[in-house]
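The lines below spell out each chain.
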Amino acid sequence: FRGGKAPPPPIFNPYQRHAVEMMMLWIALFSLNLSCRNISKVLATVFGASVSFQTVYRWVKKAHKFTEKAVAGDICEDYFAVILDGVYGRVRDSEAPGKGVLLASMGVKHDGDVSLLGVTPALTESPDSWAEHLQSLINRGLKPESVRIVTTDNHIAFSKTIPKFFASAAHQPCIFHTSMDVTA
């Protein structure tokens, strides 16, 4: 859709060439070991607009750079909510082949702005893995005392980890994960 030859897919606002939300979606799909061609098919099904696999490849590369930049810097903002989840996929590591998980955390500011706080690869969603991930966020500047609510998928690891790091925060199960559990 360059040069006005074709209208942009409805997943973008007019005159917008990228969206952080789309980069996050594409990197999540790619981390689940979907090929760029299959991500293109998923996007066409979900949004009713085709996106070439070459475009997906470029955006996955940009999203990877965005993710590295986002998780490398200091956390200077106050977040009232933190969302924690693990994304499972195959690991292409010669030392530990098989399944692995990306521990991901998002922060929500008072104005509603959402930011990626951190992503940590791990073998499992153990309390120790989550503790290491959360400690890295605190070391980078996350203020646990400013967090009022933590949303998770209710994994057993969180019952031990959340009170340790966010003593004054309420723990809320994720509505999406709860609805998926009910319908399963």
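Residues numbered from 1 in each chain as written. Predicted model: local features only at pLDDT ≥ 70, side-chain atom pairs only at ≥ 80, totals over all residues. Heavy atoms only, no water.

Quick look at the overall build of the protein chain now. A count of helices and strands for the protein chain gives six helices and five strands. Traced from its N-terminal end to its C-terminal end, the protein chain shows the element sequence α-α-α-β-β-β-α-β-α-β-α. Of the contacts formed within the protein chain by residues at least 6 apart in sequence, a portion of 51% connects residues at least 24 apart. Counting every atom, the protein chain has about 11200 Å² of accessible surface; 59% of that belongs to carbon and sulfur. (Helix = DSSP H or I, 4+ residues; strand = E, 2+ residues; numbered from the N terminus. Contact = heavy atoms within 4.5 Å. Areas by Shrake-Rupley, 256 points an atom, 1.4 Å probe, with all protein chains shown as cover.)

On to the pairing of strand β5 (residues 170-173). Taken together, the four bridges between strand β4 (residues 149-152) and β5 define a ladder with parallel strand orientation. Residue pairing in the sheet places Val150 in a bridge with His171 of β5. Tracing the backbone out of β4, into helix α5 (residues 156-165) and back to the parallel element β5 gives a crossover that is right-handed. (Pairing = 2+ DSSP bridges. Right-handed = clockwise from strand over helix to strand, strands pointing away.)

Our focus in this paragraph is the nonpolar core. With 21 residues, the main nonpolar core has Leu84, Leu117, Leu142, Val147, Val150 and Phe166 as its most contacted residues. Contributing elements (two or more residues each) for this core: β1 (81-91), β2 (98-108), β3 (114-122), α4 (127-139) and α5. In this view, Val147 contacts Tyr79, Phe80, Val82, Leu142, Phe166, Ser168 and Ala169; residues no more than four positions away in its chain are not counted. (Core = buried A, V, L, I, M, F, W, Y, C linked by side-chain atoms within 4.5 Å. Buried < 20%, exposed > 50% of the residue type's maximum accessible area, 1.4 Å probe, protein only.)

Over its 13 residues, α4 extends 18 Å from the first C-alpha to the last, a length consistent with the 18 Å expected when each residue adds 1.5 Å. Residues of α4 that are buried include every one of Ser129, Trp130, Ala131, His133, Leu134 and Leu137, and no others. Following α4 by one or two positions, Gly141 has its phi on the positive side, about 125°. (Expected span 1.5 Å × (residues − 1).)

Where α4 meets α5, the closest approach of the two axes is 9 Å, and the angle between their N-to-C directions is 30°. Taken together, the axes of α4 and α5 are roughly parallel relative to one another. Viewed along their axes, α4 and α5 form a crossing whose handedness is right-handed. From α4, Pro127, Trp130, Ala131, Leu134, Gln135 and Ile138 reach across to α5, where they touch Ala157, Phe158, Lys160, Thr161 and Phe165. Looking at side-chain class alone, the contact of α4 with α5 contains eight nonpolar, two polar and one charged residues. (Axes fitted to C-alpha atoms, helices over the stretch in contact; angles between N-to-C directions. Parallel < 35°, antiparallel > 145°, perpendicular 65-115°, else oblique. Left-handed = near helix turned anticlockwise from the far one by under 90°. Nonpolar A, V, L, I, M, F, W, Y, C, P; charged D, E, K, R; others polar.)

With that settled, the discussion passes to the environment of Ala170. Mapped onto the secondary structure, Ala170 falls in strand β5. Expressed as a C-alpha distance, the spacing of Ala170 and Val147, which sit 23 residues apart in the sequence, is 8.8 Å. In contact with Ala170, other than residues within four places in its own chain, are Arg148, Ile149 and Val150.

The subject of this paragraph is the pattern of salt bridges. Counted according to the given criterion, the structure contains three salt bridges. For Lys109, the salt bridge is made with Glu77, and the minimal N-O distance between the two is 3.8 Å. One end of the pair, Lys109, is in the loop between β2 and β3; the other, Glu77, is in the loop between α3 (53-72) and β1, with 32 residues separating them in the sequence. Take Lys109: its relative accessible area is 15%, and that puts it in the buried class. (Salt bridge = Lys/Arg side-chain N within 4 Å of Asp/Glu carboxyl O.)

A word on the environment of Ala157. Along the polypeptide, Ala157 turns up in helix α5. C-alpha separation for the pair Ala157 and Asp128, spaced 29 residues apart in sequence, amounts to 8.3 Å. Setting aside its immediate chain neighbours within four residues, Ala157 contacts Glu125, Ser126, Pro127 and Trp130.

Turning our attention to the environment of Asp111. As for its placement among the helices and strands, Asp111 is situated in the loop between β2 and β3. Between the alpha carbons of Asp111 and Tyr79 there is a distance of 9.7 Å; along the sequence they are 32 residues apart. Within the local environment of Asp111, its side chain forms a polar contact with the backbone nitrogen of Asp113, the two atoms lying 2.9 Å apart. (Polar contact = N/O pair within 3.5 Å; in protein donor to acceptor, adjacent residues only side chain to side chain.)

Function-wise, these values are silent; they only describe arrangement.
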